[in-house]
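The chain contents come next:
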Amino acid sequence: MSKDHEEASKLFKDIGREFAEFASQYSEAVKSGAEEASKHMLDAMLDANRAEDIPSGKLFAAMKSGLRHAGEQLVQRGWGFIHRPRD
């Protein structure tokens, strides 16, 4: 195999590895945000006797809280991902 081919192959393997790691970080951040939202939604549902009693504002606030949490996690994980030492 030529040197150029080996270097290109290594580059694509590195890119693939970095992409997979970033995707993993992204999915963990989204999962964390969903868990945060579900806690707030559960609290809203426990305060109500029937589904109609749940104020939509509480559900939107729960979703907003989950999205904010996921965004914060993504920024933190992304910042760590960018600034971590490379091989």
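Our structure is the block above this text.
A brief report on the enclosed structure follows. Quick caveat, the model's predicted, so the values are computed rather than measured. Residue numbers restart at each chain and count upward from 1, following the sequence in its written direction. With pLDDT at 70 or above as the cut-off, local features in this predicted model cover only qualifying residues; side-chain atom pairs require 80 or more to be listed or tallied, and sums for whole chains, interfaces and linings still use all residues. Think of the side-chain values as coming from all heavy atoms in the structure, minus any hydrogens and water.

A few words now on the overall build of the protein. In this text, helices come from DSSP runs of H or I with a minimum length of four residues, and strands from runs of E with a minimum of two, each type numbered from the N-terminal end. Counting secondary structure elements, the protein contains 2 helices and 0 strands. Our radius of gyration looks at C-alpha atoms and nothing else; its globule reference is 2.2 Å times the residue count to the power 0.38. At 21 Å, the protein has a C-alpha radius of gyration far larger than the 12 Å of a compact globule built from 87 residues. Here the C-alpha coordinates of the protein stretch approximately 70 × 20 × 15 Å along the principal axes. Remark: exposure states derive from per-residue accessible area (1.4 Å probe, protein chains only) relative to the maximum for the residue type, with buried under 20%, exposed over 50%, and partly exposed in between. Burial analysis of the protein (87 residues in total) assigns 17% to the buried set. Only the protein chains shown count as cover for residues, and the accessible areas themselves come from Shrake-Rupley with a 1.4 Å probe. Accessible surface for the protein amounts to roughly 6900 Å². Of this, 61% is attributable to carbon and sulfur atoms.

On to the packing of helix α1 (residues 3–46) against helix α2 (residues 56–82). The convention used is that axes are lines fitted to C-alpha atoms, helices contributing only their stretch in contact, and that angles between N-to-C directions extend from 0 to 180 degrees. Between α1 and α2, the least distance of the axes is 7 Å, while the angle of their chain directions is 155 degrees. Taken as axis vectors, α1 and α2 run roughly antiparallel relative to one another. Like other packed secondary-structure pairs, α1 and α2 cross with a definite hand, here right-handed. Gly falls in the polar group here, along with every residue not listed as nonpolar (Ala, Val, Leu, Ile, Met, Phe, Trp, Tyr, Cys, Pro) or charged (Asp, Glu, Lys, Arg). Tallied by class, the residues present in the contact of α1 with α2 amount to 13 nonpolar, 8 polar and 6 charged. For classification purposes, angles smaller than 35 degrees are called roughly parallel, those larger than 145 roughly antiparallel, those between 65 and 115 roughly perpendicular, and all remaining angles oblique. By convention the crossing between two helices is left-handed if the near helix lies anticlockwise of the far one by an angle smaller than a right angle, and right-handed if it lies clockwise.

As a further point, take the pattern of salt bridges. Think of a salt bridge as a Lys or Arg side-chain nitrogen and an Asp or Glu carboxyl oxygen that are within 4 Å of each other. For the coordinates displayed, the defined rule picks out 2 salt bridges. Residue K10 is joined to D14 by a salt bridge in which the shortest nitrogen-to-oxygen separation is 2.9 Å. Taken together, the residues span about one helical turn, with K10 and D14 both in helix α1 at a distance of 4 residues. For the salt bridge of R17 with D14, the shortest nitrogen-to-oxygen distance reads 3.2 Å. Of the two residues, R17 and D14 both sit in helix α1, 3 residues apart, roughly one turn of that helix. When its relative accessible area of 22% is taken as the criterion, D14 is described as partly exposed.

Any functional reading would require information beyond the geometric quantities listed.
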